[in-house]
Amino acid sequence: MGSLLGHISTFGHGVAAILFGALAIWQFQRRVDRNHQQIWLVVAITLTSFWALSVAVEGFLSPISRFAETLRNFGWLAFMFILLRAGEGRDEPKTVNGIYVALAFVLVGQMIVDALLPVFAGSPRLENVTLYTSLVLRMIFAVGALVLVHNLYSISAPETRWGIRLPMASLAAIWTFDLNLFTITYLTQQLPTELHAMRGPTMAVIAPILALASVRNTEWNLTLSRSVAFRSLSLVAIGSYLLMMVVIATALQIIGGDYARLAQISFLFGTSIGALLLLPSGRFRAWLKVKLAKNFFQHRYDYRSEWIRFTDTIGRPGADSAPFHERVIKAIADITDSPAGILLMPDDSGQLVLQSRWNWSSIEVPARACSNRTISFFEDSSHIVEFDALRTDQDEKCDAAAIPDWMTRDERTWVAVPLVHFDRLTGLMLLARPRINRTLDWEDLDMLRVVGRQVASYLAEARSQESLSEAQRFDEFNRRMAFIMHDIKNLVSQLSLLARNAKRHAENPEFRADMIETLQDSADKMNGLLERLSQHNKAKQEEPKPVKVRELVQSIIEKKRILHNMETTQIDDLTVMADPVRVDQILGHLIQNAIDASTEDKPIAINARRRDLCVAIEVRDQGTVMSNEFIRSQLFKPFASSKQGGFGIGAYEARELARAMNGRLEVESQEGAGSRFTLILPLAKRLPDENFADERAS
């Protein structure tokens, strides 16, 4: 039997040494930005490999093995301390740092005591005292290390726990095994060779878990979220575990015989299997949470952490996030550990309808989800309905007629939380029964009322945003329609003038050619208007570019000459930075306004001259003048017009189009002289052909 255990120990520790050594080399060669946590992780893994190798070669009782074990523990202790100090969040109490310092002194004392063992080898009494002291120091370190492992995991925020869960579980397994080993040795005054032999295979199993943790977490970042009560509870739990070990070990010692050692190993194996079965169970965790809240805490909820979790759940949108209304359900359901929920909200007719589900596909919600009294009851009372009390007629405050039958028929329906905002019901939340059924107390009710009002404000704001967005879409459509109606009016005016002139000049071939060109231009503009009216039109205006003024103005004059008498005295051959389409649209507005304001015998003058670093394109008429007050306060205001049947859009749109090209629009109107609109556009840099022309002229 001893020979077999020896082979198991040697082989197990050898495999562990190889695995931890390979893990250290792989971790060291990874192409990641190194930080203190990763450096100490490599150091700790290397020291663990050295310890396993020393046990495989020299045995677990050799001085080098004891020394290597101390170094291993020191490496992992340093790694946890560096991980704690690098955490982002609230500062830890000084007592936690004191535990790290105390355990470091324990390790130093352990090394000193182990070094004295060969010195006292000739004195049985001193040797026993030294062995006893070394064993006690190892037990103290194992207990303290487990406390720190639990501390490091419990203070981490939920969103970062996944990154340290595996390494913390591995360290907990190492020191839990050590604690059992040293406690049994201390209580029985015998070396448990079976546990010593299985120490190597256990470490060999832990190595792949640490490797998996390294693959999943390359940053080793930690966000702290302090929870002192749970850390204190961990001390109580470990102390209780030690007391239980003492009692059971003493009982086994009294029984004695051949079955004592088997009973010890069976107890250790059974408790480990029990922990593995119970701890991952959601039902067990829910039961434990309820019991802890009842017996260890003054309040059921940690309000700070609950509020942070609540706001994070609702207010963290993203590509991978659930829809807003599902996040709302989850934010409230997580408070009471409810596994599912549904959200009902009023529709346009004021009736409650299903808005969203979260993990609750089985419940059947009718199209009309409420009775005639549901909304008024919850708005008047804000009463939180507990359905177990309602089913047994124990809820005296609830109006049973206000609760539809489909809610009470489903046994999973646990609580209805009204979401009231300024005395108006914005929604009704139904929560499913938690894993551990319980009744609501005053603290549950207060918490649900507060978060219910907060969620109601979120829902009301979301609905207001939807209404505002819809109103903005209508406003944008109406704005677009106003511009288009104005452009249509201009086209109708042009076609009316064309039809009137056609009666007098229809026999003129040149007029007919101009008329066909004008009709084609009007048709093109109408098609453009239809495209602009479409909600799918996403075409962008062209950026300003160098444009020849003379060619642009002459083409516009040729288009309008058939409609009214046009004249010009000066058009400079200059180049401006502009969009030809927008310039054509601006001059079209200005010329059409001039035509509307002028009589047939009064020509319209169009000129283009240089003004400093700009070009001034003038459109002058001799028609009806505008007052200075109208020009200052009404001309560029939408829907204000001095013309009969005018839209008041043309001047406003012309000014906005000019501004979009870094230009401006000037207006003058004088009695007896008419009105003059001047479009100012910036000059462009000289084009190559202009430079060539200047060189030839010189």
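Residues numbered from 1 in each chain as written. Predicted model: local features only at pLDDT ≥ 70, side-chain atom pairs only at ≥ 80, totals over all residues. Heavy atoms only, no water.

The next thing to look at is the overall build of the protein. Along the backbone of the protein there are 22 helices and 14 strands. In the protein, which comprises 698 residues, the share counted as buried stands at 44%. As presented, the protein carries roughly 37300 Å² of accessible surface, and 58% of it is formed by carbon and sulfur atoms. (Helix = DSSP H or I, 4+ residues; strand = E, 2+ residues; numbered from the N terminus. Buried < 20%, exposed > 50% of the residue type's maximum accessible area, 1.4 Å probe, protein only. Areas by Shrake-Rupley, 256 points an atom, 1.4 Å probe, with all protein chains shown as cover.)

Here we take up the pairing of strand β4 (residues 352-358). In this structure, strand β3 (residues 341-346) lies alongside β4, joined through 6 bridges in antiparallel fashion. Its bridge partner lying in β4, Ile342 is registered against Arg357. What sits between the antiparallel neighbours β3 and β4 is a turn of 5 residues, in which Gly350 has the positive phi angle 90 degrees. (Pairing = 2+ DSSP bridges.)

Spatially, 5 strands are ordered β9-β11-β12-β14-β13 in an open sheet, and the strand pairing comes out mixed. Because the sheet does not close on itself, it has two edges, and the strands there are β9 (566-567) and β13 (664-670).

Side-chain pairs of opposite charge can arise where the charged atoms are in close proximity. Applying the stated criterion across every chain yields a total of 22 salt bridges. Here Glu69 ties to Arg199 by a salt bridge, and the two come within 3.6 Å at their closest N and O atoms. Remark: Arg199 occurs in helix α7 (residues 193-216) and Glu69 occurs in helix α3 (residues 63-85); sequence separation between them is 130 residues. Summarising the burial analysis for this pair, Glu69 and Arg199 share the class buried. In this structure, a network of salt bridges that share partners links the residues Arg66, Glu69, Arg72, Asp114, Arg138, Asp178 and Arg199. (Salt bridge = Lys/Arg side-chain N within 4 Å of Asp/Glu carboxyl O.)

Attention shifts here to helix α2 (residues 36-58). Quick reminder: α-helices carry 3.6 residues per turn. Residues three or four places apart thus point the same way. For α2, with 23 residues, the first-to-last C-alpha span of 32 Å sits near the 33 Å given by 1.5 Å per residue. Phi for Gly59, located one or two positions after α2, is positive at around 95 degrees. (Expected span 1.5 Å × (residues − 1).)

This part is about the sheet that holds β3. In space, the 5 strands of this open sheet follow the order β4-β3-β7-β6-β5, with antiparallel pairing throughout. Of all the strands in the sheet, the pair left with one neighbour each is β4 and β5 (385-386). In terms of strand pairing, strand β6 (residues 413-421) meets strand β7 (residues 424-432) through 8 bridges, oriented antiparallel. When the bridges of β7 are listed, Thr413 appears paired with Ala432. Sitting on the sheet, helix α12 (residues 324-333) is in contact with β3, β4, β6 and β7, with an inclination near 75 degrees to β4. Relative to β7, helix α13 (residues 374-381) is tilted by about 95 degrees, and along the sheet it contacts β4, β5, β6 and β7. (Contact = heavy atoms within 4.5 Å. Axes fitted to C-alpha atoms, helices over the stretch in contact; angles between N-to-C directions.)

Together, Phe50, Ile64, Phe67 and Met111 make up an exposed nonpolar region whose accessible area comes to about 310 Å². For Phe67, the position within the fold is in helix α3. (Patch = residues over 30% accessible without salt bridge, like charges linked within 9 Å, V, L, I, M, F, W, Y side chains within 5 Å.)

This part covers the packing of helix α19 (residues 580-597) against helix α21 (residues 650-660). Contact geometry of α19 with α21 gives a least axis separation of 9 Å together with a crossing angle of 150 degrees. On the basis of the axis angle, α19 is roughly antiparallel to α21. For α19 against α21, the interelement crossing comes out left-handed. Mapping the contact onto sequence places Arg582, Gln585, Ile586, His589, Leu590 and Asn593 in α19 and Gly650, Ala651, Glu653, Ala654, Leu657, Ala658 and Ala660 in α21. Taken together, the residues of the contact of α19 with α21 sort by class into 7 nonpolar, 4 polar and 2 charged. (Parallel < 35°, antiparallel > 145°, perpendicular 65-115°, else oblique. Left-handed = near helix turned anticlockwise from the far one by under 90°. Nonpolar A, V, L, I, M, F, W, Y, C, P; charged D, E, K, R; others polar.)

Going through the model one piece at a time under the given rule, you end up with 6 aromatic pairs. Considering the side-chain rings of Tyr132 and Tyr186, the 5.7 Å spacing of their centres and the 40 degrees angle between planes classify their relative orientation as tilted. Taken together, the residues Tyr132 in helix α5 (residues 124-155) and Tyr186 in helix α6 (residues 158-188) connect sequence positions 54 residues apart. Taking the relative accessible area as the measure of exposure, Tyr186 reaches 28% and is therefore partly exposed. Note on Phe141 and Trp175: the rings are 5.8 Å apart at their centroids and 80 degrees apart in plane angle, and the pair reads as edge-to-face. Placement of the pair is Phe141 in helix α5 and Trp175 in helix α6, with a sequence separation of 34 residues. The class of Trp175 is buried, set by a relative accessible area of 1%. One residue, Arg72, lies across the ring of Trp51, its end atom 4.7 Å from the ring centre. (Phe/Tyr/Trp six-rings, centres within 6.5 Å; stacked < 30°, edge-to-face > 60°. Lys NZ or Arg CZ within 6 Å of the ring centre and 35° of its normal.)

No statement about biological role is implied by the geometric values presented.
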